[in-house]
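Chain and residue survey
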Number of protein chains: 2
Amino acid sequence: MDANAPPLLDLTIDNITPNAVRINSQSNDARLTYLMDRLTTHLHDFARETRLSTDEWMAALQFLTKCGQICTDVRQEFILLSDILGLSLLVDAINHPKPPLCTEGSVLGPFHTHDAPTIPNGSSMSSDPEGEPLLVACTIRDTQGHPIPGVKIDIWETDSSGHYDVQHADRDGPSERCVMTSDANGEFWFKAVKPVPYPIPNDGPVGKLLGLLKRHCWRPSHMHFMFEKEGWDHLITALYLRGDPYETSDAVFGVKKSLVVDLAKVDGPTARRYGIEEGSWYLQRDFVLASTKEADDLRDRNAMEELAKLGLNMKLVDHLPVPDLD
Amino acid sequence: MDANAPPLLDLTIDNITPNAVRINSQSNDARLTYLMDRLTTHLHDFARETRLSTDEWMAALQFLTKCGQICTDVRQEFILLSDILGLSLLVDAINHPKPPLCTEGSVLGPFHTHDAPTIPNGSSMSSDPEGEPLLVACTIRDTQGHPIPGVKIDIWETDSSGHYDVQHADRDGPSERCVMTSDANGEFWFKAVKPVPYPIPNDGPVGKLLGLLKRHCWRPSHMHFMFEKEGWDHLITALYLRGDPYETSDAVFGVKKSLVVDLAKVDGPTARRYGIEEGSWYLQRDFVLASTKEADDLRDRNAMEELAKLGLNMKLVDHLPVPDLD
């Protein structure tokens, strides 16, 4: 530490914050310094505005400890906590603003995994015999309407019981999840099961919190999609089924009107073309990706506008705000 | 949920916060509602002011997960995190304001345990043959100078190597910690070892954060005391040795001038009286406790004054602020 730094002595309700901010400002990483400044200030303001009691403080530390301890390779309680607090939706909205026409984003949730099998067009991503068969046929285009081939698409959903594969104790491999690649026409299609509503995991500390808050823990029926290709803004989204009982009260704030879809039924010619039984459920959807440049430009412009509105004098370094000290 | 509640749909950077606050306001617990309101608002403001990136968000969630997973029965990484962020100091200051003359508080830290042996006056609380012998003789009085008998006192310190007993992998029981009771004259005295400076645990996520922030992880030499008796405000404090190299840069912000002490040497009569070698280190200290009523009155008054300064219209219920909606 700087030998000339003022002594850290006799810290009080009134002077702890500037002193903590100062001691956290010794790295040469302007972004880290800014993040710690805002984190410390908000954390301390929270305690001051609530006159946080020692018992409440300890309960919060124990809650966070329990969240950490229930996490495993296939369970992420802190993502769930972020989801139910609306933080996940907010971070996605900040990072992936959508130029006109682009498909809106939705929450990632805690159930994406990295072991999904890569499947070719036409294959099934479900092994659930109880699920109602669903044919999904999609295109991926840019904002000018041109197809985008070679996009890696991660898709995951629950089985017909409302559980992701990782929630089954006897999971012996991935199911109801796959990775695909869009073809030369920007198309991909696969067989799945009709999504069902399901409760987010409510046997842990986050479920207990929802109970205290008298909130339900249900998500409306949906299917997750994640799109990835160099040069295109990473899109995490989901499609929601119209008419679901939880369509307007999603526990994790993910539903957007533009992402609510109607299912059709597979007719005879479609059934023969895709090799699926006539009368199965049929979901057709066109996705529109923003280019990295389109998204970066919009994100940077939004950031500077919003920070100016907050009265903060900032500049962007690597697209991330830091105080402008010049 | 209220059937007339507005739908949770199309949530954005600008409308997620009031919607999340609303959905968290359905319990009948006004304090919980207020805590969640301030928590959600500060958390979202933090993300908006920093334009928190998806990578930073994920790094934070992983950091919290690691903090939880390194916690054990004898290691509490979240208390450590709270300590190095200055939150612990702040919460103690809010909850235990000191009327004039009363002994100031300091941070609890993560090393208090509940298995310390109860010892009588004159016994030793250390089993460390390498430590420099120290005689500690104290009184406990009220603000009028009357002795307080029957106070339960928890005392803990590191051994001469700068480790608490729980930091030794081969710990087979408590050491350098004890529980005592003040006698009819409000006195207690015991044998210990001279405190040494030591690093807070820096092999976990909090240590890594301190490294990124270019902060040292040292605490100055000190001995912890906790005082408990029905009718008296719970006092958690520590005594710090004057002249310690970390006296003015404590990693957890605990040092107060009024808690810095000078050690003397035990003279002949004192040595014979207490049964300790002449020339040993000698720490004498008078502690002054606030009554529960003195502390409650001051805490309530401070709370109402500070909340009014913040422009918040609040009332106290069980000494804790909630919005005054009347």
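Residues numbered from 1 in each chain as written. Chains lettered and ligands numbered in written order. Predicted model: local features only at pLDDT ≥ 70, side-chain atom pairs only at ≥ 80, totals over all residues. Heavy atoms only, no water.

1. So, the pattern of salt bridges
- Across all of its chains, the model carries 32 salt bridges over all chains by this definition.
- For Arg38 of chain A, the salt bridge goes to Asp37 of chain A, with nearest N and O atoms at 3.2 Å.
- Across the salt bridge formed by Arg75 of chain B and Glu77 of chain B, the nearest N and O atoms sit 3.0 Å from each other.
- Glu77 of chain B sits in the buried class, given a relative accessible area of 0%.
- Residues participating in the shared-partner salt-bridge network are Asp115, Asp165, Arg171 and Arg177 of chain A. (Salt bridge = Lys/Arg side-chain N within 4 Å of Asp/Glu carboxyl O. Buried < 20%, exposed > 50% of the residue type's maximum accessible area, 1.4 Å probe, protein only.)

2. Observations concerning the domain arrangement of chain A
- By domain assignment, chain A separates into domain 1 (1–52) and domain 2 (77–290).
- One C-alpha centre belongs to domain 1 of chain A, the other to domain 2 of chain A, and the line joining them spans 42 Å. (Domains from an automatic or database assignment.)

3. Section: the packing of aromatic side chains
All names here are of chain B.
- Applying the stated criterion to the full structure yields 21 aromatic pairs over all chains.
- A ring pair is formed by Tyr164 and Tyr198, whose centres lie 5.3 Å apart and whose planes are at 90 degrees; its orientation type is edge-to-face. Residue Tyr164 is located in the loop between strand S2 (152–156) and strand S3 (177–181), and its partner Tyr198 is located in strand S5 (residues 198–199); the two are separated by 34 residues in the primary sequence.
- The buried category is assigned to Tyr198, whose relative accessible area is 3%. (Phe/Tyr/Trp six-rings, centres within 6.5 Å; stacked < 30°, edge-to-face > 60°. Helix = DSSP H or I, 4+ residues; strand = E, 2+ residues; numbered from the N terminus.)

4. Describing unusual backbone geometry
Residues and elements named next belong to chain B.
- Here Asp10, not a glycine, exhibits a phi torsion of approximately 55 degrees, which is positive.
- Within the secondary structure, Asp10 sits in the segment before helix H1 (16–23).
- Note on Asp10: relative accessible area 24%, which makes it partly exposed.
- We note that Leu101 has phi near 80 degrees; this positive angle belongs to a residue other than glycine.
- Relative to the elements of secondary structure, Leu101 occurs in the loop between helix H5 (87–95) and strand S1 (133–141).
- Exposure remark for Leu101: the relative accessible area of 67% places this residue in the exposed category.

5. Things to note about the pairing of strand S2 (residues 152–156) of chain A
All names here are of chain A.
- Burial within S2 is extensive, with four of its five residues counted as buried.
- Alignment of S2 against strand S3 (residues 177–181), held across five bridges, turns out to be antiparallel. Paired with Ile155 across the bridge in S3 is Cys178.
- Bridging between S2 and strand S7 (residues 222–228) involves five bridges; their strand directions are antiparallel. Looking at S7, one finds that Trp156 is bridged to His224. (Pairing = 2+ DSSP bridges.)

6. Quick word on the confidence of the model for chain A
- Confidence along chain A averages 95 in pLDDT terms, with 99% of residues attaining 70 or more.
- Two summary scores accompany this predicted model of the complex, namely pTM at 0.93 and ipTM at 0.94. (pLDDT = per-residue confidence, 0-100.)

7. Re H1 of chain B
- Among the eight residues in H1 of chain B, six count as buried, and that is most of the element.
- Among all positions in H1 of chain B, only Ile16, Thr17, Asn19, Ala20, Val21 and Ile23 of chain B are buried.
- In this structure, the buried side of H1 of chain B is in contact with helix H5 (87–95) of chain A together with helix H2 (30–50) of chain B. (Contact = heavy atoms within 4.5 Å.)

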